[in-house]
Amino acid sequence: QVQLAESGGGLVQAGGSLRLACAGSGRTFSDYAMAWFRQAPGKEREFVAALTWNGGSTYYAASVKSRFTISRDNAKNTVYLQMNSLKVEDTAVYSCARSIGYRVSPITSARGYEYWGQGTQVTVSS
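Within any chain, residue numbers begin from 1 and follow the written order of that chain's sequence. With the structure being a predicted model, the display of local features is reserved for residues of pLDDT at least 70 and the display and counting of side-chain atom pairs for 80 or more, all residues being used for whole-chain, interface and lining totals. With hydrogens and water excluded, all non-hydrogen atoms of the structure serve as input to the side-chain values.

### Looking at the pairing of strand β4 (residues 32–39)
Turning to step 1, where the next piece is worked out: Burial runs high along β4: 7 of the 8 residues are buried.
Turning to step 2, where the next piece is worked out: Any two strands with at least two DSSP-identified bridges between them are counted as paired. Counting from the N terminus, the helices are DSSP H or I runs at least four residues long and the strands are E runs at least two residues long. Where β4 and strand β9 (residues 92–102) come together, 7 bridges link them in antiparallel fashion. Across the sheet, residue M34 finds its bridge partner in β9, namely R98.
Turning to step 3, where the next piece is worked out: Bridging between β4 and strand β5 (residues 46–51) involves 5 bridges; their strand directions are antiparallel. To sort residues, take the accessible area from a 1.4 Å probe on protein chains only and compare it with the maximum for the residue type: under 20% means buried, over 50% means exposed, and anything in between is partly exposed.

As C-alpha coordinates, this is what we get:
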(Lines give C-alpha, C1' and ligand atoms only; values in the text may rest on other atoms or scores of the structure.)
Protein backbone atom coordinates (compact mmCIF):
# COMPACT_ATOMS: atom_id res chain seq x y z
CA GLN A 1 0.00 0.00 0.00
CA VAL A 2 1.25 3.46 -0.89
CA GLN A 3 0.35 6.54 1.11
CA LEU A 4 1.02 10.05 -0.10
CA ALA A 5 0.83 13.12 2.10
CA GLU A 6 1.10 16.69 0.84
CA SER A 7 2.27 19.65 2.87
CA GLY A 8 3.31 23.24 2.35
CA GLY A 9 0.07 24.81 1.23
CA GLY A 10 -1.21 28.06 2.65
CA LEU A 11 -2.22 31.63 1.97
CA VAL A 12 0.13 33.83 -0.04
CA GLN A 13 -0.15 37.12 -1.85
CA ALA A 14 0.01 37.30 -5.62
CA GLY A 15 3.60 37.31 -6.76
CA GLY A 16 4.71 35.24 -3.81
CA SER A 17 6.09 31.71 -3.58
CA LEU A 18 5.25 28.42 -1.93
CA ARG A 19 6.94 25.04 -1.91
CA LEU A 20 4.77 21.97 -1.71
CA ALA A 21 6.06 18.59 -0.64
CA CYS A 22 4.60 15.13 -1.17
CA ALA A 23 5.96 12.45 1.13
CA GLY A 24 5.43 8.83 0.27
CA SER A 25 5.29 5.89 2.63
CA GLY A 26 4.74 2.20 2.24
CA ARG A 27 6.08 0.76 -0.96
CA THR A 28 8.64 3.07 -2.49
CA PHE A 29 7.65 5.31 -5.34
CA SER A 30 11.20 5.84 -6.60
CA ASP A 31 10.51 3.66 -9.67
CA TYR A 32 7.39 5.55 -10.70
CA ALA A 33 6.60 8.83 -12.34
CA MET A 34 4.98 11.38 -10.06
CA ALA A 35 2.71 14.29 -10.78
CA TRP A 36 0.92 17.23 -9.26
CA PHE A 37 -2.68 18.04 -10.12
CA ARG A 38 -4.91 20.80 -8.84
CA GLN A 39 -8.61 21.44 -8.55
CA ALA A 40 -10.17 24.83 -8.07
CA PRO A 41 -13.75 25.27 -6.75
CA GLY A 42 -16.27 24.52 -9.44
CA LYS A 43 -13.63 23.35 -11.88
CA GLU A 44 -12.33 20.00 -13.01
CA ARG A 45 -9.05 18.62 -11.79
CA GLU A 46 -6.19 19.68 -14.03
CA PHE A 47 -2.64 18.55 -14.60
CA VAL A 48 0.06 20.82 -13.24
CA ALA A 49 3.43 19.08 -13.53
CA ALA A 50 5.06 15.66 -13.64
CA LEU A 51 8.45 14.05 -13.74
CA THR A 52 9.91 10.68 -14.61
CA TRP A 53 10.93 8.10 -12.02
CA ASN A 54 14.53 9.36 -11.99
CA GLY A 55 13.68 13.03 -12.36
CA GLY A 56 15.40 13.14 -15.73
CA SER A 57 12.45 14.64 -17.58
CA THR A 58 9.83 17.09 -16.43
CA TYR A 59 6.50 18.16 -17.89
CA TYR A 60 4.39 21.22 -17.17
CA ALA A 61 1.02 22.65 -18.00
CA ALA A 62 1.35 25.74 -20.16
CA SER A 63 -0.24 27.86 -17.45
CA VAL A 64 2.55 27.15 -14.95
CA LYS A 65 5.58 26.63 -17.14
CA SER A 66 8.47 28.94 -16.19
CA ARG A 67 6.83 29.64 -12.82
CA PHE A 68 6.64 26.19 -11.22
CA THR A 69 9.38 23.58 -10.81
CA ILE A 70 8.83 19.93 -9.98
CA SER A 71 11.60 17.86 -8.46
CA ARG A 72 12.09 14.73 -6.41
CA ASP A 73 14.40 13.25 -3.81
CA ASN A 74 14.05 9.49 -4.08
CA ALA A 75 16.23 8.95 -1.02
CA LYS A 76 13.54 10.76 0.97
CA ASN A 77 10.58 9.42 -1.01
CA THR A 78 9.53 13.01 -1.55
CA VAL A 79 8.40 15.05 -4.51
CA TYR A 80 8.36 18.84 -4.48
CA LEU A 81 6.59 21.60 -6.34
CA GLN A 82 8.24 24.99 -6.13
CA MET A 83 5.71 27.64 -7.09
CA ASN A 84 6.91 31.16 -7.87
CA SER A 85 5.16 34.26 -9.16
CA LEU A 86 1.87 32.91 -7.93
CA LYS A 87 -1.34 34.25 -9.40
CA VAL A 88 -4.84 34.41 -8.02
CA GLU A 89 -5.86 31.81 -10.60
CA ASP A 90 -3.41 29.33 -9.05
CA THR A 91 -5.75 29.03 -6.08
CA ALA A 92 -6.75 25.38 -5.76
CA VAL A 93 -6.30 22.17 -3.83
CA TYR A 94 -3.04 20.62 -4.99
CA SER A 95 -2.65 16.84 -4.93
CA CYS A 96 0.26 14.60 -5.76
CA ALA A 97 -0.14 11.27 -7.48
CA ARG A 98 1.92 8.21 -8.35
CA SER A 99 1.75 6.72 -11.80
CA ILE A 100 0.41 3.26 -12.51
CA GLY A 101 3.24 1.97 -14.67
CA TYR A 102 6.71 0.97 -13.51
CA ARG A 103 9.28 3.40 -14.93
CA VAL A 104 6.99 4.65 -17.67
CA SER A 105 6.87 8.24 -18.83
CA PRO A 106 4.22 10.29 -17.07
CA ILE A 107 1.07 11.40 -18.80
CA THR A 108 -1.09 14.44 -18.18
CA SER A 109 -4.33 12.52 -17.61
CA ALA A 110 -5.36 11.62 -14.09
CA ARG A 111 -6.22 8.15 -15.39
CA GLY A 112 -2.51 7.39 -15.47
CA TYR A 113 -2.18 7.59 -11.69
CA GLU A 114 -3.39 5.15 -9.08
CA TYR A 115 -2.33 6.60 -5.73
CA TRP A 116 -3.32 10.07 -4.58
CA GLY A 117 -2.70 12.24 -1.58
CA GLN A 118 -5.47 14.10 0.26
CA GLY A 119 -4.37 17.44 -1.12
CA THR A 120 -3.20 20.73 0.30
CA GLN A 121 -4.96 24.06 -0.12
CA VAL A 122 -3.15 26.88 -1.88
CA THR A 123 -4.83 30.27 -1.75
CA VAL A 124 -3.40 33.25 -3.58
CA SER A 125 -4.81 36.64 -2.65
CA SER A 126 -4.72 39.75 -4.80
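### As for the environment of G55
Turning to step 1, where the next piece is worked out: One can find G55 in the loop between β5 and β6 (58–60).
Turning to step 2, where the next piece is worked out: In this structure the C-alpha to C-alpha distance between G55 and G24, which are 31 residues apart in sequence, comes to 16 Å.

### Side note on the packing of aromatic side chains
Turning to step 1, where the next piece is worked out: Stacked, tilted and edge-to-face pairs are distinguished by plane angle, under 30 degrees for stacked and over 60 for edge-to-face with tilted covering the rest, among Phe, Tyr and Trp rings (Trp via its six-membered ring) whose centres lie within 6.5 Å. All told, the structure shown has 5 aromatic pairs when counted by the stated rule.
Turning to step 2, where the next piece is worked out: Plain terms: the ring middles of Y32 and Y102 are 6.0 Å apart, the flat faces sit at 85 degrees to each other, and that makes the pair edge-to-face. Highlighted residues: Y32 in strand β4 and Y102 in strand β9, separated in sequence by 70 residues.
Turning to step 3, where the next piece is worked out: By relative accessible area, which is 13% here, Y32 ends up buried.
Turning to step 4, where the next piece is worked out: Ring geometry for F37 against Y113: centres 5.4 Å apart, planes inclined by 75 degrees, an arrangement best described as edge-to-face. With F37 in strand β4 and Y113 in strand β10 (residues 113–116), this residue pair connects regions lying 76 residues apart in the sequence. Considered together, F37 and Y113 belong to a single accessibility category, that of buried residues.
Turning to step 5, where the next piece is worked out: The structure contains a cluster of three or more aromatic residues connected by ring pairs, namely F37, F47, Y113 and W116.
Turning to step 6, where the next piece is worked out: Charges are assigned to positions over rings by a cutoff of 6 Å between ring centre and Lys NZ or Arg CZ, combined with an angular limit of 35 degrees from the ring normal. Taking NZ or CZ as reference, R98 lies 3.5 Å from the ring centre of Y32, over its face.
Turning to step 7, where the next piece is worked out: Over the ring of W53 we find R103, and its NZ or CZ is 3.8 Å from the ring centre.

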